[in-house]
There are 2 protein chains.
Amino acid sequence: MNTLLDAFSALSDPTRFTIVEQLMDHGELPAGDLAQGKGMSGAAISRHLKVLRQAGLVNQRVNGTQRIYSIRPEGLRAIAEWTISKRQFWEASLDRLGDILQEDSSWPT
Amino acid sequence: MNTLLDAFSALSDPTRFTIVEQLMDHGELPAGDLAQGKGMSGAAISRHLKVLRQAGLVNQRVNGTQRIYSIRPEGLRAIAEWTISKRQFWEASLDRLGDILQEDSSWPT
DNA sequence: CCATTGTTTAACATTCGTGTTAATCAATAG
DNA sequence: CTATTGATTAACACGAATGTTAAACAATGG
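Let me sum up the structure you'll find in this document. Here the residue index of a chain counts from 1 through its sequence in written order. To read the labels, note that chains go from A and ligands from 1, taken in the order they are written. Local features in this predicted model are restricted to residues whose pLDDT is 70 or higher, and side-chain atom pairs enter the listing and the counts only when it is 80 or higher, whereas totals over whole chains, interfaces and linings include all residues. As a convention, hydrogens and water are excluded, and side-chain values are obtained from all of the structure's heavy atoms.

We now examine helix α4 (residues 42-54) of chain A. Residue and element names in this part refer to chain A. The numbering of helices and of strands both runs from the N terminus, where a helix is a DSSP run of H or I of at least 4 residues and a strand a run of E of at least 2. A helix is expected to span 1.5 Å multiplied by its residue count minus one. Here α4 spans 18 Å end to end across 13 residues, near enough to the 18 Å set by a 1.5 Å rise per residue. For α4, the set of buried residues is I45, H48, L49 and L52. Summarising the axial view, the buried residues of α4 lie within an arc of 100°, below the 170-degree limit, and thus occupy one face. In α4, those exposed residues whose orientation departs by more than 90 degrees from the buried face are A43, R47 and Q54. Note on contacts: a residue pair is in contact if any heavy atoms of the two residues lie within 4.5 Å. Looking at the packing, one finds that the buried side of α4 touches α1 (2-11), α2 (14-26), α3 (31-35), β2 (58-63) and β3 (66-71). Three labels apply to residues, based on accessible area from a 1.4 Å probe with only protein chains included: buried if under 20% of the type maximum, exposed if over 50%, partly exposed otherwise in between. This arc describes the spread of directions from the helix axis toward the C-beta atoms.

Following this line, the structure appears as structure tokens:
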């Protein structure tokens, strides 16, 4: 329950959100690569990565001197489950997506 | 795109998250009712409501001297759409939910 | 009118978040 | 062993967020 709030908090920062999307697009990446092109010190990125780790959104793997990061599915699950559990509040405002969802009565409430 | 980050930010606060859940559970409620039992001044709640409003997560309706709040589905949609678009990253770690989802190949990617 | 009720805004204090640079640490190359 | 590379942690500065109380405001009742 607190995990969900931590996930929201972690993702509310543009730099961290970008990191998460990068990891989703490119698979696992070392901290150094994630620091590239963000106009920010490596130290700052390192702390952002720590926040993401503590929020359960990313995994860290050690490879020699590198720390290689990847998406941690369980972390995203908290958000997905909450979203799905509140489905009734947003499905009404969906267009194409709403139509598709309405056909699927097996979706959990 | 910024709306999504604002939504995450707004929901990352426990008080605001509780307010949103209250509105989901009880339907629309006046600001005064939302301030009850939170151990916090009405002024503080009023500002939390302003944040939720600016994040597009709640609607405000005027009824005489009361301000009546309700969930704004479009706000939640941003989160739902993002979650669904990243479905591949969390569905693998789902148990019951994962099974259900795997059957539904019409779900948008 | 004037007082009351419901809510918001203003001013202020304090805590939290985030960036910087410098120091530290671990792994590897020479 | 020492220097280098990759990354994190420490110490610090500063702006943003959040709570408080007091003031302001709009609607309603007397």
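Attention shifts here to the pairing of strand β3 (residues 66-71) of chain B. Alignment of strand β1 (residues 29-30) of chain B against β3(B), held across two bridges, turns out to be antiparallel. Note on β3(B): the bridge partner recorded for B:P30 is B:I68. The rule for pairing is simple: two strands pair if DSSP sees at least two bridges between them.

Let us now look at the side chain of B:K86. Inspection of the secondary structure puts B:K86 in the loop between α5 (73-85) and α6 (87-90). Residues contacting B:K86, with those up to four places away along its chain left out, are A:E21 and A:M24.

This part is about the protein's contact with DNA strand C. DNA strand C sits among 24 residues. The nearest are A:R47, A:H48, B:G32, B:S46 and B:Y69. B:Q60 places a polar side-chain atom, nitrogen or oxygen, 3.0 Å from a phosphate oxygen of DNA strand C. Sorting the residues of the surface near DNA strand C by element identifies α4 of chain A together with α3 (31-35), α4 (42-54) and β3 of chain B as the ones contributing at least two each. The classification used treats Ala, Val, Leu, Ile, Met, Phe, Trp, Tyr, Cys and Pro as nonpolar, Asp, Glu, Lys and Arg as charged, and all other residues, Gly among them, as polar. A breakdown of the residues in the surface near DNA strand C according to their chemical character gives seven nonpolar, ten polar and seven charged. Throughout, near means a residue has at least one heavy atom within 4 Å of the molecule or strand. We call two N or O atoms a polar contact when they sit within 3.5 Å, provided that within protein one can donate a hydrogen and the other can accept it, with sequence-adjacent residues counted only if both atoms are side-chain atoms.

Next up on the list: the nonpolar core. One finds A:L57 and B:L57 to be the most contacted residues of the largest nonpolar core, which totals 58 residues. Non-local contacts of A:L57, meaning those with residues more than four positions away in its chain, are made with A:A7, A:A10, A:L11, A:L52, A:S70, A:I71, A:R72, A:G75 and A:L76. Residues grouped as a nonpolar core are buried Ala, Val, Leu, Ile, Met, Phe, Trp, Tyr and Cys residues, joined through side-chain atoms within 4.5 Å.

With that settled, the discussion passes to the sheet that holds β1(B). Note: strands within a sheet are paired through backbone hydrogen bonds, in either parallel or antiparallel orientation. All names here are of chain B. Sheet architecture is open: three strands sit in the order β1-β3-β2, paired in antiparallel fashion. On the outer flanks of this sheet lie β1 and β2 (58-63), each paired with one strand and no other. Against the sheet, helix α2 (residues 14-26) contacts β1, β2 and β3, and its axis sits at roughly 85° relative to β3. Working convention: axes come from line fits to C-alpha atoms, limited for helices to the stretch in contact. Angles between N-to-C directions cover 0 to 180 degrees.

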